[in-house]
Amino acid sequence: MRCLSGMVVSGYGGFYQVRLEGGQVVNCKPRGRLKKEFSKIYSGDKVEISFTPEDNGVIETIAPRRVLLPRPNIANVDRLLLVLAWTMPDFDLLLADRMLVIAARVGVAPILCFNKIDLLPEANSSDLAALCQVYEAAGVPVLAISATENVGIDQVRKVLADGITVMAGQSGVGKSSLLNRLLPEEKAETGEVSDRLRRGKHTTRYTRILPMDEQGKGFIADTPGFFTLDLPCDLEEKELASYYPEFRAASACRFDGCIHDKEPDCGVKQAVAAGGIDKGRYQRYLRLLQEIREREVRY
Ligand code: GDP
Ligand code: ZN
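Cut-offs used in this document
Residues numbered from 1 in each chain as written. Chains lettered and ligands numbered in written order. Predicted model: local features only at pLDDT ≥ 70, side-chain atom pairs only at ≥ 80, totals over all residues. Heavy atoms only, no water. Helix = DSSP H or I, 4+ residues; strand = E, 2+ residues; numbered from the N terminus. Buried < 20%, exposed > 50% of the residue type's maximum accessible area, 1.4 Å probe, protein only. Areas by Shrake-Rupley, 256 points an atom, 1.4 Å probe, with all protein chains shown as cover. Donors = N, O, S within 2.8 Å, 3.2 Å for Na, K, Ca; no water. Tetrahedral: all angles 85-135°; square planar, octahedral: opposite > 155°, others 65-115°. Pairing = 2+ DSSP bridges. Core = buried A, V, L, I, M, F, W, Y, C linked by side-chain atoms within 4.5 Å. Contact = heavy atoms within 4.5 Å. Axes fitted to C-alpha atoms, helices over the stretch in contact; angles between N-to-C directions. Near = heavy atom within 4 Å. Polar contact = N/O pair within 3.5 Å; in protein donor to acceptor, adjacent residues only side chain to side chain. Nonpolar A, V, L, I, M, F, W, Y, C, P; charged D, E, K, R; others polar.

## What about the overall build of the chain?
Step number 1: Within the chain, the secondary structure is distributed over 10 helices and 13 strands.
Step number 2: For the chain, with 299 residues in total, the buried portion stands at 49%.
Step number 3: When the accessible surface of the chain is totalled, it reaches about 15200 Å², and 51% of it is carbon and sulfur.

Below, the structure written as structure tokens:
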């Protein structure tokens, strides 16, 4: 039996659409035994398919997943692009930090993307530079763009050139506007894509993975609704600091198991006082710590 390799790009009512390496999309059903082995097949899954004599696609095997993003489930995601608006709505750095923790924990590279910089008054451009510095110290690339004014889009394209990217961010920050910019222009005319462009915000139920270029190297996930930004429920207090690379770099806190909160002589707190670690990042770290504690009381 001849099998072809591809990637699941969407799923509807028991059928999965598999994009073959050449770009052709085949509607497939999973082989019966796969239904037992896997509770579900997700967008992003690498699969092998065969064809029935009637030319229907059959998913034969699913490759082990490198990463599985929770809610919505997307397999083999390479990066999470957190879109924040410079204003309208004002950006929320607690949300940004929360997302960075979530991304690091699932093993996906995060990128911060400040949109609507056309609304940034000239006088405030140093605020943006300062923010870039804070997050670059945390090992996170920062992009400043305007989706509607077409500023910085080439840079986004470069960063997302291969693999699968998932966009996250509050409603209204410009995710749909950016998505439309990133998809190939000629595609905007086709039935499939114009359907997507017309869709209401909450009507799409399945995550779809869309190619950003004809070669099919870079893909972007069009997720239904909002990528969850709740801290994972099994995240523990003592684990949180491990997702703050600048805490490690700037301080070398001497104490094993120090959560850098009330402990005396904590190296992280000293670095915050001396300006080596951004105060805002540290204060938001304490808020996330508090959130974890409150959750532990609840359960
Ligand atoms: P989503 O909810 O995150 O998908 O956000 P949308 O893409 O629907 O954008 C929300 C609103 O912000 C729309 O009115 C857009 O026209 C506007 N918008 C998006 N990007 C920009 C931008 O770069 N600059 C400005 N001024 N407005 C933008
Ligand atoms: Zn400490």
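From this point, things continue past the structure.
## Examining the coordination of the zinc ion (ligand 2)
Step number 1: On the protein side, the zinc ion (ligand 2) has C253 (SG), C258 (SG), H260 (ND1) and C266 (SG) as donor atoms, found 2.1 to 2.4 Å from it.
Step number 2: If you look at the zinc ion (ligand 2), its 4 donor atoms make angles of 102 to 117 degrees with each other, and the shape they trace is tetrahedral.
Step number 3: In primary sequence terms, the donor set of the zinc ion (ligand 2) follows C-x4-C-x1-H-x5-C. Pair check on accessibility: C258 and H260 agree, each one buried.

## Here's the deal with the pairing of strand β4 (residues 46-51)
Step number 1: Examined bridge by bridge, strand β1 (residues 4-12) and β4 share 4 bridges and lie antiparallel to one another. Looking at β4, one finds that L4 is bridged to I49.
Step number 2: Summarising the sheet, β4 and strand β5 (residues 57-62) pair through 5 bridges and their orientation is antiparallel. Each residue of the ladder has a partner; that of F51, found in β5, is G57.
Step number 3: The antiparallel pairing of β4 with β5 creates a hairpin that spans 5 residues between the two strands, and D55 there sits at a positive phi of about 80 degrees.

## Observations concerning the nonpolar core
Step number 1: With 37 residues, the main nonpolar core has L112, F114, Y135 and I209 as its most contacted residues.
Step number 2: Not counting residues within four places of it along the chain, the set of residues in contact with F114 comprises L84, W86, F91, L93, L128, L131, V142, L143, A144 and I145.
Step number 3: Counting residues in each nonpolar core, the second largest holds 22 residues, with L94, Y243, C266 and A271 among its members.

## Quick look at the sheet that holds β5
The pairing of strands in a sheet happens through backbone hydrogen bonds and is either parallel or antiparallel.
Step number 1: The 5 strands lie next to each other as β1-β2-β3-β5-β4, forming a closed barrel whose pairing is mixed. Strand-to-strand twist in this sheet, taken as the mean axis angle between neighbours without regard to direction, amounts to 55 degrees.
Step number 2: When strand β2 (residues 15-20) meets strand β3 (residues 25-30), the two strands line up antiparallel, connected through 4 bridges. If you follow V18 over to β3, its bridge partner there is V26.

## Section: the site of ligand 1
Step number 1: Taken together, 16 residues lie around ligand 1, and D118, G172, K175, S176 and S177 are the ones closest in.
Step number 2: Here G172 contributes a backbone N or O atom positioned 2.7 Å from an oxygen atom of ligand 1.
Step number 3: A distance of 2.8 Å is found between an oxygen atom of ligand 1 and a backbone nitrogen or oxygen belonging to K175.
Step number 4: No other element matches helix α5 (residues 175-182), which puts 3 residues into the shell around ligand 1.
Step number 5: In the shell around ligand 1, the residues fall into 3 nonpolar, 9 polar and 4 charged.

None of this, on its own, says anything about what the molecule does.
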